Amino acid sequence: KQEVTQIPAALSVPEGENLVLNCSFTDSAIYNLQWFRQDPGKGLTSLLLIQSSQREQTSGRLNASLDKSSGRSTLYIAASQPGDSATYLCAVTETSGSRLTFGEGTQLTVNP
Amino acid sequence: NAGVMQNPRHLVRRRGQEARLRCSPMKGHSHVYWYRQLPEEGLKFMVYLQKENIIDESGMPKERFSAEFPKEGPSILRIQQVVRGDSAAYFCASSLLEADTQYFGPGTRLTVL
């Protein structure tokens, strides 16, 4: 059974810092991996999707990497801003189906 | 392009009543997924549907829960005889292709009194 773990559970940083969020998964037979952000009381916004054949994806100040063999992904956020404050979720799609298996999330607070 | 729409955004039901949650996928998307987020827990997959077909319902409780995605109209998640433990946020997502990027709706927050 696939399990996704995110570390740390919560993170508080001052504005302007570069930071890394970690995600690990137990079964490397994945089709892709997605990073989402969730604002309180809101839905999920897809940030980046990395196919299993890819090593990384970039969008603006965000960079996500994938090491499928070791079951790890990282989300790098450069020059963090207060508007980045949210819960960041990592989710994998297994090759056996289309459903997403989510981690518990990292709650990020960027202080002005 | 309108995103994934869910309604109602908030739903209050008394124990024993029925709850119907609606999801309209993004235009052109024929793959719909339902997830549940219990208080203080992560999102858990419930069911995956394509038009008129249930593809994977392995995450759906065996009793009281059902889902459909008819040829015309929105996808419906139906919960019969709700109990307090059904209180959660229910999210719908859609994708253009199988195993493609999933786009999420704002969720329906169900409260069972």
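Look a little higher up for the structure.
Residues numbered from 1 in each chain as written. Chains lettered and ligands numbered in written order. Predicted model: local features only at pLDDT ≥ 70, side-chain atom pairs only at ≥ 80, totals over all residues. Heavy atoms only, no water.

If you add up the space inside the largest pocket, you get close to 590 Å³. Of all the secondary-structure elements, those providing two or more residues to the lining of the largest pocket are β9 (86–94) and β11 (106–111) of chain A. The element contributing the most residues to the lining of the largest pocket is β11 of chain A, with 4 residues. Tallied by class, residues from the lining of the largest pocket come to 8 nonpolar, 10 polar and 5 charged. Of the pockets and cavities examined, the second largest pocket occupies roughly 350 Å³. In this structure, the second largest pocket is lined by 14 residues; those nearest its centre are Lys 1, Gln 2, Thr 101 and Phe 102 of chain A together with Lys 44 of chain B. (1 Å grid on protein atoms, 1.4 Å probe; cavity = no way out; pocket = protein on both sides within 12 Å on 5 of 7 lines; lining within 4 Å. Points joined across faces, edges and corners; volume = space filled by probe spheres on them. Helix = DSSP H or I, 4+ residues; strand = E, 2+ residues; numbered from the N terminus. Nonpolar A, V, L, I, M, F, W, Y, C, P; charged D, E, K, R; others polar.)

What follows covers the pattern of salt bridges. Evaluated as defined, the whole model comprises 6 salt bridges over all chains. Across the salt bridge formed by Asp 39 of chain A and Arg 37 of chain A, the nearest N and O atoms sit 2.7 Å from each other. Residue classification places Arg 37 of chain A among the buried residues on the basis of a relative accessible area of 15%. Ionic pairing is found between Arg 78 of chain B and Glu 18 of chain B, a salt bridge with its closest N-O pair at 2.8 Å. Pair noted here: Arg 78 of chain B is in strand β8 (residues 75–79) and Glu 18 of chain B is in the loop between β2 (10–13) and β3 (19–24), with a separation of 60 residues, a long-range link. Among the residues examined, Arg 78 of chain B registers a relative accessible area of 26% and is labelled partly exposed. Residue Glu 18 of chain B is classed as partly exposed on the basis of its relative accessible area, which comes to 29%. The structure contains a network of salt bridges with shared partners spanning Glu 18, Arg 20 and Arg 78 of chain B. (Salt bridge = Lys/Arg side-chain N within 4 Å of Asp/Glu carboxyl O. Buried < 20%, exposed > 50% of the residue type's maximum accessible area, 1.4 Å probe, protein only.)

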